[in-house]
Amino acid sequence: MLNLSPIGRDAARQQSYDEADDLLRTASDCAGLLELLRAVRELQVARESDLILAKAEIDALVRTVEQATVSGNLRSAKIRKAVAALAYLRNPYDHIFDLHVDGGFIDDIEVIREAWLSISEGAI
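Remember, predicted model here, so these are calculated numbers, not experimental data.

What should I look at first to understand the nonpolar core in this one?
Nonpolar side chains in soluble globular proteins tend to be buried together. Core analysis: the largest hydrophobic core is formed by 32 residues, its most contacted members being Ile58, Leu61, Val83, Leu86, Leu89 and Ile112. Elements that contribute at least two residues to this core include exactly helix 1 (9–25), helix 2 (31–46), helix 4 (55–71), helix 5 (77–90) and helix 6 (106–120). If you tally residues by element for this core, the top one is helix 5, at 8 residues.

Here it is, written out as structure tokens:
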């Protein structure tokens, strides 16, 4: 028997923070972070109409992580939040299944906007 129900909201967010922690812990060569950014860019192209409402925020989070990889400053709460939000976006099986439901990116857009607002306002 397969359980096709989505994971809960809090569990989905925790999963994205766990992934962010793993990516940042092993970031000496930045390969995992660069793969995440590549996957997010591809997702933006493939699902442009679904993600258009958060395009500016996604782009800003990607730039934030790119700048951190260049500078080597990967240990801040700001970077952790940005990576977690992008990891959440990349995960199609988060709180609302992205690929199986109309409006599947609603939760992703909420997470992206919340992360960017927090980062841009310095509320971390």
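What follows continues from the structure just given.
Hey, could you run me through the packing of helix 5 against helix 6 in this one?
Each pair of packed helices can be described by the angle between their axes along with the distance between the axes. Axis separation between helix 5 and helix 6 bottoms out at 9 Å; the angle between their running directions is 170°. Compared by their axis directions, helix 5 and helix 6 come out roughly antiparallel. You can see that helix 5 and helix 6 cross each other, and the crossing is left-handed. Across the interface between the two elements, Lys78, Lys81, Ala82, Ala85, Leu86, Tyr88 and Leu89 of helix 5 pack against Asp107, Asp108, Val111, Ile112, Ala115, Ser118 and Ile119 of helix 6. Residues of the contact of helix 5 with helix 6, tallied by class, amount to 9 nonpolar, 1 polar and 4 charged.

Hey, could you run me through the environment of Glu48 in this one?
Structurally, Glu48 is set in helix 3 (residues 48–51). Measuring from C-alpha to C-alpha, the distance between Glu48 and Arg90 comes to 14 Å, with 42 residues separating the pair along the chain.

So what exactly am I meant to see when it comes to helix 6 here?
Because an α-helix completes one turn every 3.6 residues, residues spaced three or four positions apart along the sequence face the same direction. Over its 15 residues, helix 6 runs 21 Å from end to end, which matches the ideal 21 Å to within 8%, given 1.5 Å per residue. Among the residues of helix 6, those classed as buried are Asp107, Asp108, Ile109, Val111, Ile112, Ala115, Ser118 and Ile119. The elements touched by buried residues of helix 6 are helix 1, helix 3, helix 4 and helix 5.

Please clarify how the pattern of salt bridges should be interpreted in this entry.
Charged atoms that come close allow side chains of opposite charge to pair. Applying the stated rule across the entire model yields 12 salt bridges. Across the pair Arg9 and Glu110 runs a salt bridge, and its minimum N-O distance is 2.6 Å. With Arg9 in helix 1 and Glu110 in helix 6, this pair connects stretches of sequence that are 101 residues apart. Look at Arg9 and you get partly exposed, because its relative accessible area is 37%. Using a relative accessible area of 34% as the deciding quantity, one classes Glu110 as partly exposed. Here Arg13 and Glu110 are joined by a salt bridge, their closest N and O atoms 3.2 Å apart. Of this pair, Arg13 sits in helix 1 while Glu110 sits in helix 6, and the two are 97 residues apart along the sequence.

Calculation criteria
Residues numbered from 1 in each chain as written. Predicted model: local features only at pLDDT ≥ 70, side-chain atom pairs only at ≥ 80, totals over all residues. Heavy atoms only, no water. Core = buried A, V, L, I, M, F, W, Y, C linked by side-chain atoms within 4.5 Å. Buried < 20%, exposed > 50% of the residue type's maximum accessible area, 1.4 Å probe, protein only. Helix = DSSP H or I, 4+ residues; strand = E, 2+ residues; numbered from the N terminus. Axes fitted to C-alpha atoms, helices over the stretch in contact; angles between N-to-C directions. Parallel < 35°, antiparallel > 145°, perpendicular 65-115°, else oblique. Left-handed = near helix turned anticlockwise from the far one by under 90°. Contact = heavy atoms within 4.5 Å. Nonpolar A, V, L, I, M, F, W, Y, C, P; charged D, E, K, R; others polar. Expected span 1.5 Å × (residues − 1). Salt bridge = Lys/Arg side-chain N within 4 Å of Asp/Glu carboxyl O.

Keep in mind that these numbers describe shape and distance, not what the molecule does.
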